[in-house]
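Structure at a glance
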Amino acid sequence: MNLLKDTEGAIQAGFPHKHFTIKHELVGHPLFTVEALVDLARALPEAQMEWNSGDASINQDPSKTPGNGLSPEETIKQIEQTKSWLVLKNIQVMPEYKQVLYDCLQEVEDLTSQYVTGATQRAGFIFVSSPNSITPFHMDPEHNFLLQLRGSKTMNIFDPKDREVVSEEDIENTYYGAHKHRNLTYKDEFKAREEAVVLQPGDAIHVPIHAPHWVQNGPEVSISFSITFRSDQSQKNVRIHSLNGRLREMGMKPKGLGESALADNSKDLLIRTAVRAKKVLKRET
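So, the overall build of the chain
Counting its regular elements, the chain contains seven helices and 12 strands. For 285 residues, the compact-globule formula gives about 19 Å, and the C-alpha radius of gyration of the chain, at 19 Å, lands near that figure. For the chain, the spread of C-alpha atoms along the principal axes amounts to about 50 × 45 × 40 Å. Residues classed as buried in the chain amount to 50% of the 285 residues present.

A short note on the confidence of the model for the chain
Per-residue pLDDT for the chain has a mean of 91; in total, 95% of the residues score no lower than 70. Mean pLDDT across the elements of the chain bottoms out in strand E3 (residues 49–53) (86) and peaks in strand E9 (residues 195–199) (98).

Points about the sheet that holds strand E5 (residues 120–129)
What holds strands together in a sheet is hydrogen bonding between their backbones, with the strands either parallel or antiparallel. Sheet architecture is open: eight strands sit in the order E1-E2-E10-E7-E12-E5-E4-E3, paired in antiparallel fashion. With one partner strand each, in any of the chains shown, strand E1 (4–5) and E3 form the two edges of the open sheet. Relative to strand E10 (residues 203–207), strand E7 (residues 143–150) runs antiparallel, the two sharing four bridges. Bridge assignment links Phe145 to a residue of E10, and that residue is His206. Contacts between helix H4 (residues 95–112) and the sheet are confined to E1, E5, E7 and strand E12 (222–230), with E12 contributing the most and set at about 55° to the helix.

Conventions we followed
- Residues numbered from 1 in each chain as written.
- Predicted model: local features only at pLDDT ≥ 70, side-chain atom pairs only at ≥ 80, totals over all residues.
- Heavy atoms only, no water.
- Helix = DSSP H or I, 4+ residues; strand = E, 2+ residues; numbered from the N terminus.
- Rg over C-alpha atoms; globule rule 2.2 N^0.38 Å.
- Buried < 20%, exposed > 50% of the residue type's maximum accessible area, 1.4 Å probe, protein only.
- pLDDT = per-residue confidence, 0-100.
- Pairing = 2+ DSSP bridges.
- Contact = heavy atoms within 4.5 Å.
- Axes fitted to C-alpha atoms, helices over the stretch in contact; angles between N-to-C directions.

Below is the structure:
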């Protein structure tokens, strides 16, 4: 059975650099009911969960994220009233969730293998959010498809190559430096540059790597399933951004990713050589 439906060829037309929507067949799946997710929250270690007040602004200082005073299980049980959002991370550690995740990602990989290679670090995340709650402005480092299972939400998303919204330094700071975090600073002038994509149950959106976005939930409880993976290309980008961040901290002005294929390949070779040398030295000591 095909879990993802791409009748318009959106994946081939847009992956991996553009956002687009497709359909999925997971609405009503028993693993994604509130009751099943309460059980999942009990089974996962606390380090694999994040839960906060959903009564937050689009701009959110990660060091000042307000809590909701509840446990993860109680947050899910009371999600309709608590004005909160919660994410269950790396749910693939549970065999039944791993199967659903891998079934979906196998379909994605079958359709995207001509664009990216070396799919790895497959991971799933489940988001449970109260009515009208907000997920702050941020970006993510993985290839990501977000599947809407219950309720509605509006994904306000930007072009990942729009350097008026997200600079090379912003991206580098997600991988390197004292302020390493996915959250970004939203400015009022960005509004005209974002696209608001409304997701209903059965809809899925591809969120490109480093595409800034924030989310406004609709008037009902929302449950979403994020299926993610890394690739040879995405891992290379991470290495280059990390090195650029280090060079910038040293007072240099490195070329941004994509400005020069020669510079990108040279940096990547340098990092991979250093990593291999470090492994050899570790074995010999």
